[in-house]
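Here is what each chain is made of, one letter per residue.
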Amino acid sequence: MAALACGRCLPRTWLCRRAGQGGRHYRAALCAELKQPLAIEEVARRPVRPHEVRVDVHFCGVNFADILVCRGQYQERPHLPFTPGMEFSGTVLETGTDVSSVKEGDRVIGVSSFNGMAEECITDQKTLWQVPEKVSLQEAATLPVSYGTAILALEHRAQTKPGETVLVTAAAGATGLAVIDVATNVLQAKVIAAAGSDHKCQLAVQRGAQASVNYSQGGLKEAVRRLAGSGGVNVAIDMVGGEVFLEALRSLAWEGRMVVLGFAGGNIASVPANLLLLKNISAMGLYWGRYREQDFPVFYRSLSSALQYLQQGRIRPHVGSVFRLEEAGLELLDSKEPPASASQVDGTLGTDCHTWLPLYFMSHVRIYYLQSLLCIGCTSGQ
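Just so we're clear, the structure is a prediction, and the values are computed from it rather than from any experiment.

### A short note on the packing of helix α4 (residues 143-157) against helix α11 (residues 296-311)
Thinking step 1. Relative orientation of the contacting elements α4 and α11 amounts to 105°, with a least axis distance of 9 Å. Compared by their axis directions, α4 and α11 come out roughly perpendicular. Residues Leu 143, Pro 144, Tyr 147, Gly 148, Ile 151, Leu 152, Glu 155 and His 156 of α4 pack against Val 298, Ser 302, Leu 303, Ser 305, Ala 306, Leu 307, Tyr 309 and Leu 310 of α11.
Thinking step 2. Taken together, the residues of the contact of α4 with α11 sort by class into 11 nonpolar, four polar and one charged.

As structure tokens, then:
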């Protein structure tokens, strides 16, 4: 994890007083108009239902889906105004009458359907996980989407074995870095990281990849062949699509496994079925969030494993610099192009799509932006 530097924080007494009093309103980031900056407004509380839990949000991730939904480009289109935010961490403020899995004061991480980017969030008790005592809420907030996806891709779908070689594209993105972390430090696999610049390749190697390929400087297949040998790689995790996907597919070894996580490059390639036949290759997709409806035990286990790995010190989530909650809409969710420091990752469509990482925000203080070098802001108990 990147070195931390603690900046100005809100007083602990303010946080405790706020949680204790539980006012009638809380602040939330609202998308009132598509393709426009988010507005930070006071929102009225609603009662929790019997199976629901109210959480005092400390951190919330901003993922590609949040960016798309605020631009009206996502498959789910909530009614305006709405609050984005799919993953969060915090402490339990209130529980419904039928809730038995958590209690007031518990530290938790959770997933929701676009309502996490606020000081408070209500969610079903089934989509909360208790955070172990030695794990900070800041680190825990990095787990749901990125590490949940990485764990299911590598363990559940590809069934990666120790000693195998894994190729990951968009390797400097949040999910790419999580794949590197899990593959290297949990599964004891070898990782070849593919990204679109030398700087991104360097970051991937720093985070655990054994080798890297800058695919903006030449063909991916030939570069991988030089690193992995003529046999190829056992597993490929692709988030780019298009020609990068095809090159990764052609880099697979006999009985290799390709897992498709997305199409950040903007193009969806057609699978040449003859390649699957000739090498007995398996090509499969992974939509992590869909497991919540289709196979909840697998979905729940992915985050339970992530928390266990973090508690055991086997994974090291990468957290970067911070922005204020009020800056969230201006930084990434407006209608303009992303800032140069965030230039298109596991995220927006474009040719250089490998460094835009999710934000993580602490609703009481600031927003955390991954991959930068500085993390500023802290409160007790994180």
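### What to know about the sheet that holds strand β11 (residues 233-238)
Thinking step 1. Across the sheet, which stays open at both edges, the six strands sit in the order β10-β9-β8-β11-β12-β13 with parallel pairing between neighbours. Only two strands of the sheet have a single neighbouring strand rather than two, namely β10 (211-214) and β13 (282-285). Adjacent strand axes in the sheet meet at a mean angle of 15° when their direction is disregarded.
Thinking step 2. Across four bridges, strand β9 (residues 190-195) lies against β10 in parallel orientation. Paired with Ala 194 across the bridge in β10 is Val 213.
Thinking step 3. The sheet contacts of helix α6 (residues 198-206) involve β9 and β10, and relative to β10 the element is tilted by about 165°.

### Brief notes about helix α5 (residues 174-185)
Thinking step 1. For α5, spanning 12 residues, the distance from its first C-alpha to its last is 16 Å, which sits close to the expected 16 Å at 1.5 Å a residue.
Thinking step 2. α5 sits mainly inside the fold: 11 of its 12 residues count as buried.
Thinking step 3. Along α5, the residues that are buried comprise Ala 174, Thr 175, Gly 176, Leu 177, Ala 178, Val 179, Ile 180, Asp 181, Val 182, Ala 183 and Thr 184.
Thinking step 4. Those residues of α5 that are buried are in contact with α4, β8 (165-168), β9, α6 and β11.

### Description of the pattern of salt bridges
Thinking step 1. Applying the stated criterion across every chain yields a total of 10 salt bridges.
Thinking step 2. Between Arg 46 and Glu 52 there is a salt bridge; the shortest N-O distance is 3.0 Å.
Thinking step 3. Assessed through its relative accessible area of 33%, Arg 46 is described here as partly exposed.

Conventions and cut-offs
- Residues numbered from 1 in each chain as written.
- Predicted model: local features only at pLDDT ≥ 70, side-chain atom pairs only at ≥ 80, totals over all residues.
- Heavy atoms only, no water.
- Axes fitted to C-alpha atoms, helices over the stretch in contact; angles between N-to-C directions.
- Helix = DSSP H or I, 4+ residues; strand = E, 2+ residues; numbered from the N terminus.
- Parallel < 35°, antiparallel > 145°, perpendicular 65-115°, else oblique.
- Contact = heavy atoms within 4.5 Å.
- Nonpolar A, V, L, I, M, F, W, Y, C, P; charged D, E, K, R; others polar.
- Pairing = 2+ DSSP bridges.
- Expected span 1.5 Å × (residues − 1).
- Buried < 20%, exposed > 50% of the residue type's maximum accessible area, 1.4 Å probe, protein only.
- Salt bridge = Lys/Arg side-chain N within 4 Å of Asp/Glu carboxyl O.

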